[in-house]
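A look at the structure
For reference, the chains in residue letters:
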Amino acid sequence: MEMEMAMASLFSYLTLMMILVLVGVNEVEGRAFFVFGDSLVDSGNNNYLATTARADSPPYGIDYPTHRPTGRFSNGLNIPDIISERIGSQPVLPYLSPELTGQRLLNGANFASAGIGILNDTGSQFLNIIRMYSQFQYFEEYQRRVRALIGAGPTKRLVNGALVLITVGGNDFVNNYYLVPYSVRSRQFALTDYVEFLISEYKKLLTRLYHLGARRVVVTGTGPMGCAPAELAMRGANGGCSAELQRAASLYNPQLIQMVKKLNQKIGKTVFIGANTHKMQTDFINNPRAFGFSTSKVACCGQGPYNGLGLCTIASNLCPNRNLYAFWDAFHPSEKAIRLIVQQLFSGSGNTMVPMNLTTVMALDS
């Protein structure tokens, strides 16, 4: 009897080890996906936080497969979802989701949190959000969890082989420097100096990400911030984009690309891929009809001029056809616009993707 029990225990142990090894090998041979950043890429982490920066009520998610809000600041899918589609993987879950266990854990994780910026003081009005240093702490915790599941070697290969997306920076202007007249940061820095400060702080974040094991990182710039419906409503003149925020974007984005190039040179290989999302969005904002939109000024969901004031809620104006609108709400693109952006991430030329697009990355890494 004791012999039978011992054999059964041994069999169970060997079976478990075989399953873990097979899972580890299969997943490391595939490609995990990690996401860091703000509301443009948050897939629902803020749903688990006591914060005002949430997209957990209708009509958010109206075009999502479940037609229910998910925490994504979109009418449907967001940038990470569509990248996942393109690389043939399941959408990665928010890190705070209780469903992120076992096999789903090995697909990667989304650490993004709406409202955050490069700087720790950005988004302070939203109270409890996951700032960048905390997102990286969660990434370290994630790696400990995976090591416990598949071991140190496979975990290192999984992280080193992953595709990483980081989208942060817009809030440092919109929800910090320009949040109120004579903000603390605008009194501390002239705009040109503030941009240089942001770039230097972003460089520290990217260096930290590299030390945490990331080896293929897509770094997006800001969009044409002055052309968002919120800025048209609050700062635009005669229907034009906010000149000051457009100036900020024109200063920031080229410096970001240069910083990414220099980081790669210092490392000695292409780790960071610069994505000029400003150029990608400017194309359909300046010529919406060429891309099938009826407007790039008015948000689908909102109120006030350009539907650009306040939050998108069940009481807001809501357009019947989201595919005709470049902006879903006062700040965030519609799913259709997001698909155009992701298309450029994969197929864009040297003026939008530096030094190469994601199709080339995937081919090199396959």
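My aim in this report is to walk through the structure given alongside it, one point at a time. (Residues numbered from 1 in each chain as written. Predicted model: local features only at pLDDT ≥ 70, side-chain atom pairs only at ≥ 80, totals over all residues. Heavy atoms only, no water.)

1. Structural notes on the overall build of the protein chain
Threshold: Secondary structure elements are taken from DSSP: a helix is a run of H or I of four residues or more, a strand is a run of E of two residues or more, and numbering for both begins at the N terminus. Burial here depends on accessible area, computed with a 1.4 Å probe over protein chains only, as a share of the maximum for the residue type. Under 20% is buried, over 50% is exposed, and the range in between is partly exposed. Here, residues are in contact when the closest pair of their heavy atoms is within 4.5 Å. Residue burial considers only the protein chains on display, and all accessible areas are found by Shrake-Rupley using a 1.4 Å probe. Only four residue types enter the tally: Lys and Arg on the positive side, Asp and Glu on the negative side, with His and both chain ends excluded. A charged residue contributes its charge at one atom only: NZ of Lys, CZ of Arg, CG of Asp or CD of Glu.
For the protein chain, the helix and strand inventory stands at 13 helices and eight strands. With respect to the principal axes defined by its C-alpha atoms, the protein chain has extents near 85 × 50 × 40 Å. Split into buried and exposed, the 366 residues of the protein chain put 53% on the buried side. Here the contacts in the protein chain between residues at least 6 apart in sequence split such that 70% fall between residues at least 24 apart. Taken as a whole, the protein chain presents about 16,100 Å² of accessible surface, with 57% of it coming from carbon and sulfur. Taken together, the 31 basic and 24 acidic charged side chains of the protein chain have centroids lying 6 Å from each other.

2. Overview of the side chain of Thr-122
Test applied: Any pair of nitrogen or oxygen atoms within 3.5 Å is treated as a polar contact; in protein, a donor-acceptor pairing is required on top of that, and neighbouring residues in sequence qualify only through side-chain atoms on both sides.
Mapped onto the elements, Thr-122 comes out in the loop between β2 (108–110) and α4 (132–150). Looking at Thr-122, its side chain comes within polar contact range of the side chain of Asp-172, at 2.7 Å. Filtering out sequence-adjacent residues up to four positions away, Thr-122 remains in contact with Gly-115, Ile-116, Gly-117, Ile-129, Arg-131, Asn-171, Asp-172 and Asn-176.

3. A closer look at the environment of Ala-214
Position of Ala-214 relative to the elements: it lies in the loop between α8 (191–211) and β4 (217–220). Take Ala-214: its relative accessible area is 0%, and that puts it in the buried class. With 58 residues separating them along the chain, Ala-214 and Lys-156 place their C-alpha atoms 9.8 Å apart. With residues up to four places along the chain from it excluded, the contact list for Ala-214 reads Val-159, Val-164, Leu-209 and Val-271.

4. Structural notes on helix α2 (residues 79–87)
Burial analysis of α2 places seven of its nine residues in the buried class, which makes it a mostly covered element. Burial in α2 covers these residues: Ile-79, Pro-80, Asp-81, Ile-82, Ile-83, Ser-84 and Ile-87. In this structure, the buried side of α2 is in contact with β1 (33–37), β2, β3 (163–167), α12 (335–347) and α13 (358–365). Positive phi shows up at Gly-88, right after α2, with a value of about 75°.

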